[in-house]
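Remarks on the overall topology
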Amino acid sequence: GNSVTQMEGPVTLSEEAFLTINCTYTATGYPSLFWYVQYPGEGLQLLLKATKADDKGSNKGFEATYRKETTSFHLEKGSVQVSDSAVYFCALSDRGAQKLVFGQGTRLTINP
Amino acid sequence: EAGVTQSPTHLIKTRGQQATLRCSPISGHTSVYWYQQALGLGLQFLLWYDEGEERNRGNFPPRFSGRQFPNYSSELNVNALELEDSALYLCASSLTGGSNQPQHFGDGTRLSIL
């Protein structure tokens, strides 16, 4: 079945550091790919998406590129802020079942 | 534009009881999804409703059920509650059921079973 694997957390960085959170997927066909962010005590917020190979999703300084050849969708940000501290989830949309399949989440803490 | 709203925020029940969770989708969205976020188990798909019909369900027992009303709002019912049902239940909505449509989430209902 379809699955998503994210890098193990937690990840702790200093403010203004470069961020990469790795995400790889296994899927039949060509799923849509998403990054969601969850702040403490809240639900998930859509951060960015990409619907086909080589698409780049971007939002709030975060970027991710849909790489079909490596089945990856790594999240990057050039300079993180304390306010970016949250749990980040990579997900794919299963075209047949119309459901999101999530990675296990990566907890990110940014220190001032 | 109002986002997805869920009620109640918290719900405390005891084993064997029944729980009802409610969700109002974003205006204009016809698809509603339910997910369970249990500690250590990540986010698991529960149910998908579209145009009032159940379209798909995840690997959960039949005591997890729900429905979608004509105004596209939805209820999740959990019968014969067990301790392991303690979790955050998230509702999401999308414009249609297409896989390219992003799902927008509410803040969830935290269900605690004593």
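In this report, the structure presented in the accompanying data block is examined. Everything quoted here is computed from the prediction, not taken from an experiment. (Residues numbered from 1 in each chain as written. Chains lettered and ligands numbered in written order. Predicted model: local features only at pLDDT ≥ 70, side-chain atom pairs only at ≥ 80, totals over all residues. Heavy atoms only, no water.)

A few points about the environment of A:V80
All names here are of chain A. Note that V80 resides in the loop between β9 (75-77) and β10 (86-94). Residues V80 and R95 lie 15 residues apart in sequence; the distance between their C-alpha atoms is 33 Å. The residues contacting V80, other than those within four sequence positions of it, are L13, S14, E15, E16, A17, L19 and I110. (Helix = DSSP H or I, 4+ residues; strand = E, 2+ residues; numbered from the N terminus. Contact = heavy atoms within 4.5 Å.)

Details of the sheet that holds strand β7 (residues 64-68) of chain B
Residues and elements named next belong to chain B. The four strands are arranged β1-β3-β8-β7 in an open sheet whose pairing can be described as antiparallel. Looking at which strands have only one partner, the edges of the open sheet turn out to be β1 (5-7) and β7. Direction aside, neighbouring strands of the sheet carry axes that sit 20° apart on average. Examined bridge by bridge, β1 and strand β3 (residues 19-24) share three bridges and lie antiparallel to one another. Bridge assignment links T5 to a residue of β3, and that residue is S24. (Pairing = 2+ DSSP bridges. Axes fitted to C-alpha atoms, helices over the stretch in contact; angles between N-to-C directions.)

Some thoughts on the interface of chain B and chain A
Opposite the 20 residues of chain B that make contact, chain A presents 19 residues. Counting each side, the surface lost to burial between chain B and chain A is near 1600 Å², with a carbon and sulfur contribution of 55%. Counting every contact that joins chain B to chain A gives zero salt bridges. Counting across the interface, chain B meets chain A through four residue pairs in polar contact (both at pLDDT 80 or more). For the side of chain B that touches chain A, the elements supplying multiple residues, two or more each, are β4 (31-38), β5 (42-50), β9 (87-94) and β10 (104-105) of chain B. (Buried area = accessible area lost by both parts, 1.4 Å probe. Salt bridge = Lys/Arg side-chain N within 4 Å of Asp/Glu carboxyl O. Polar contact = N/O pair within 3.5 Å; in protein donor to acceptor, adjacent residues only side chain to side chain.)

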